[in-house]
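# An overview of the molecular structure
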Amino acid sequence: MNTLVPAIGFGIVTASILAVAGVGFTLQFGVTNILNLAYGDIMTAAAFVAYLVTGAGFSVWLALAAGAAFGSVFSILLNRFLYTPFVRRGTRLFGMIIVTIAVSLILQNSLLAVFGASFFSLQMPRPASVHIAGMVFTTAQLAIIGIAIVAMLLIHLLLRYTKLGKAMRATATDPELARNCGIATDRVIDLAWAISGALCGLAGVILVMNVTSFTDTTGAQFLIPIIAVAVLGGIGQPYGAMLGALVIGIASELAAAVISPDYKNVVAFVILVIVLLARPQGILSEIATRKEVAA
Amino acid sequence: MSVAWQFYISTVLVYLGVDVMACWGLNLQFGVAGLVNFAFIIFQAAGAYTAAVLTLGPATKGGFQQYLGGAHWPFPLPILAAGVVGGLLAVLVGSFAIRRLRRDYEAMVMLVVSLIATSIATNQVGLVNGPNGLALVPKPLATMVNLTPIGYQWLFVGITAVICLCVYWLVHIVTSSPLGRTLRAIRDNEQAAAALGKNVTGLRMLAFVLGGVIAGVSGAILVEFISAWSPGSWLYPETFVYFTAVIVGGSGNNLGVMVGALLVPVAFLEATRFVPQFGPPGFIDALQWIIVGVLALVFLWFWPRGVIPERRRRFPPTAQSEARQPLPSTRTGR
């Protein structure tokens, strides 16, 4: 029991990071219909932006904002100047997946070329530790949990109570019908890239806030649990992704405590396989099933 | 020709053979059957490890490398076993990845499989010696034939060429048969193929397994030649090099894919060997990957069908189809 309670604490932290990253990933895919495998590398790039900001002596909060802003702007530009032109040119699904993975490689290796093969860490004030119900958190980890909760609440409010959220959900369900109903789907898609990009950047920064050091492949490695979260929740389902993040975050940290830290990602993978076998449309999805039939 | 050049050229030829085989295998999956197999490299790796372990002999306790199930099998057997293991791994991966899922799910799952396989092989040191990998794999037939190192090199080129021909024969049979036609139909319009009563999942699985077998064999030849294999040689971006080769050459066309293998993994990556090193360590490597990525993007933009595009297949009209032809006026513009 002694190792399990702190492991749940770590699990909550991991789940928070996964929730931010997973919701961004799934929203991007659901609304824009582009499977962006460069997502993890944009997270890494945002982490490097935060690294530069904190290195210049600014606070972590500013670094978070800078990372989110970078992710947002980069995602919009990527979509505007690369993905959309390819789609317009008639590149099909297979082609688009390869385009995104090409971007992933280019981005990852550009970071490697610029920053070098080394370990980096954010300059942060020495964190104090806080005990809550047998779990130990650093102040940075508490901040991560807080950021995730606020981000999830904002996404919830956006999707449920704003016109934009409604338009996004409509576009995700059926883009043609949405367009015919007078929704400016192009603008909605741009905004979806902006929002999911911001979540991506934010996730990149909080990911490296939680580790002692990061490299150019940190984000790409994190793509495994992100994909597991997205599939578990049902692709394109932000609420599913939130639930998925909680399951995978806690399960993988428990596995790390009980078996070995090397098995964190393996557990995420095993859950992914089980979901694919038992319920390929994800745990929370009605839209996805209908989409599958129509696809 | 000086000995050094002979050595270099024979080495490049073996690499070319391995890459051509691998590209044919990937083309069967991606170009013909439309499977976006981002885990392709793990099938090559599985074949390589199998062949290495089966030639190395049992691991000695406390030896410098630890692995499972070593044996001293004579020459062609480890390569055949590698093919079998590649195929079995494909059955295993396919059993959960190739189902009636949306294709994007499939691609994602494959990528994850590739990343996970690397992490397992690296962390499970007892399996295939972890991050250090296997080394000192004995060269096949080296003790039996009495050849100079150069002579042996050319012998190996011959072996590779023979196996290459066998693989070509296999992929040619598949792609030019009704089976190949069905696979292309599934790639182009799955619903229509299913509506015509084709077993879509089963046939895609078949292509996946065949590709896995070929990948395994290619890995076996590579490891028997270079005598070493470690997780560093099969990270997921390596799959991307093969994808780029298939796209550059002309996906769906065996001949085109061969040209692609000659252009991308061999000519292009060998050429950078002669570029003087500059920048910090790892800089050239990073640059190489960036250029491979850009190459893929450029080809997808300008020549998505590759250097030698897939042949547009035409079938002579039969009496039946003649009767069903639409009016001539609607056929213009094709």
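Not measured: the values here are computed from a predicted model.

Residue and element names in this part refer to chain B. Residues other than glycine seldom take positive phi values, yet Leu 136 does so here, at roughly 55°. Looking at the secondary structure, you find Leu 136 in the loop between helix H5 (125-128) and helix H6 (149-176). We classify Leu 136 as exposed; it has 10 C-beta atoms within 10 Å. If you check the backbone angles, Ser 227 has positive phi at about 65° while not being a glycine. Topologically, Ser 227 is positioned in the loop between helix H9 (200-226) and helix H10 (236-249).

In this section: the interface of chain A and chain B. Each partner contributes to the interface: chain A provides 35 residues, whereas chain B provides 38 residues. When residues of the side of chain A that touches chain B are traced back to their parent elements, those giving at least two are helix H4 (93-115), helix H9 (218-233) and helix H11 (264-278) of chain A. Sorting elements by how many residues they give to the side of chain A that touches chain B places H4(A) first, with 14 residues. When grouped by side-chain class, the residues that make up the side of chain A that touches chain B number 26 nonpolar, 6 polar and 3 charged.

Moving on, we get to the packing of H10(B) against helix H12 (residues 283-302) of chain B. Residue and element names in this part refer to chain B. Remark: H10 packs on H12, axes separated minimally by 10 Å, with the N-to-C direction vectors making an angle of 35°. The way H10 lies across H12 gives a crossing that is left-handed. Every residue of H12 that contacts H10 at Pro 237, Phe 240, Val 241, Thr 244, Ile 247 and Val 248 is listed here: Trp 289, Val 292, Leu 295, Ala 296, Phe 299 and Leu 300. The class makeup of the residues in the contact of H10 with H12 is 11 nonpolar, 1 polar and no charged.

Here we come to the pairing of strand S1 (residues 129-132) of chain A. Residue and element names in this part refer to chain A. Relative to strand S2 (residues 135-138), S1 runs antiparallel, the two sharing 4 bridges. Residue Ser 129 lies in a different strand from S2, and its bridge partner there is Thr 138. The antiparallel pairing of S1 with S2 creates a hairpin that spans 2 residues between the two strands, and Ala 133 there sits at a positive phi of about 50°.

A word on the nonpolar core. If you look at the biggest cluster of nonpolar residues, it comprises 208 residues, and the most contacted ones within it are A:Val20, A:Ala50, A:Leu202, A:Ala228, A:Leu272 and B:Val112. Broken down by element, the residue count for this core peaks at 15 residues, all from helix H8 (residues 185-209) of chain A. Ignoring sequence-local partners within four residues, the contact set of A:Leu272 consists of A:Ile227, A:Ala228, A:Val231, A:Leu232 and B:Val112.

Here we take up the confidence of the model for chain B. Predicted coordinates in areas of low pLDDT are best not read in detail. All names here are of chain B. Predicted confidence across chain B gives a mean pLDDT of 86, with 94% of residues reaching 70 or more. Put simply, helix H13 (residues 319-324) is where chain B has its lowest mean pLDDT, 64, and H9 is where it has its highest, 94. Note on residues 329-334: pLDDT is under 50 here. Beyond four places in sequence and across chains, it has 1 contact. In the predicted assembly, ipTM is 0.85 and pTM is 0.88.

Residue and element names in this part refer to chain A. Direction vectors running N to C along H9 and H11 enclose 25°, while the axes themselves pass 9 Å from each other. On the basis of their axis angle, the class for H9 and H11 is roughly parallel. In the crossing of H9 with H11, the sense of the turn from one axis to the other is left-handed. Of H11, the residues touching H9 (which contributes Ile 224, Pro 225, Ile 227, Ala 228, Val 231 and Leu 232) are Asn 265, Ala 268, Phe 269, Ile 271, Leu 272, Val 275 and Leu 276.

Side chains three or four residues apart in an α-helix point the same way, a direct result of the helix having 3.6 residues per turn. Residues and elements named next belong to chain B. The terminal C-alpha atoms of helix H11 (residues 254-271), which comprises 18 residues, lie 24 Å apart, in line with the 26 Å expected from a rise of 1.5 Å per residue. The largest bend along H11 measures about 25° and falls at Leu 263, with the proline Pro 265 one to four residues further on. For H11, the full list of buried residues reads Asn 254, Gly 256, Val 257, Met 258, Val 259, Gly 260, Ala 261, Val 264, Pro 265 and Val 266.

Moving on to the environment of B:Pro178. All names here are of chain B. Checked against the element boundaries, Pro 178 lands in helix H7 (residues 178-188). By the C-beta count within 10 Å, which is 7 here, Pro 178 ends up exposed. Placed 97 residues apart in sequence, Pro 178 and Ala 81 show a C-alpha to C-alpha distance of 29 Å.

The next point concerns the environment of A:Ala133. Take A:Ala133: it is sitting in the loop between S1 and S2. For A:Ala133 and A:Val5, which are 128 residues apart along the polypeptide, the C-alpha to C-alpha distance reads 8.5 Å.

Conventions adopted
- Every residue gets a number counted from 1 within its own chain, in the order that chain's sequence is written.
- Following the order in which they are written, the chains are lettered starting with A and the ligands numbered starting with 1.
- Owing to the predicted nature of the model, reporting of local features is limited to residues with pLDDT of at least 70; listing and counting of side-chain atom pairs is limited to 80 or more, with chain, interface and lining totals taken over all residues.
- Secondary structure elements follow DSSP: runs of H or I no shorter than four residues count as helices, runs of E no shorter than two count as strands, and numbering proceeds from the N terminus.
- The exposure label follows from counting other C-beta atoms within 10 Å of a residue's C-beta, where the C-beta atoms are placed from the backbone and the thresholds are 20 or more for buried and 12 or fewer for exposed, leaving partly exposed in between.
- Two residues form a contact once the distance between their C-beta atoms, set from the backbone, is within 7 Å.
- Only Asp, Glu, Lys and Arg are considered charged, only Ala, Val, Leu, Ile, Met, Phe, Trp, Tyr, Cys and Pro nonpolar, and every remaining residue, Gly among them, polar.
- A fitted line through C-alpha atoms serves as each axis, taken over the contacting stretch for helices, and the angle formed by two N-to-C directions is quoted from 0 to 180°.
- Throughout, a crossing is termed right-handed when the near helix is turned clockwise from the far one, and left-handed when it is turned anticlockwise from it by less than a right angle.
- Note: two strands are recorded as paired if DSSP finds a minimum of 2 bridges between them.
- Throughout this description, the term nonpolar core refers to a group of buried Ala, Val, Leu, Ile, Met, Phe, Trp, Tyr and Cys residues whose C-beta atoms join them within 7 Å.
- pLDDT: the predictor's confidence for each residue, scored from 0 to 100.
- Geometric relationships in this document are graded by angle, where less than 35 degrees denotes roughly parallel, more than 145 denotes roughly antiparallel, 65 to 115 denotes roughly perpendicular, and other angles denote oblique.
- The span one expects for a helix is its residue count, reduced by one, times 1.5 Å.
- Note on bend: the value at a residue is the angle between axes fitted to the seven residues ending there and to the seven starting there.

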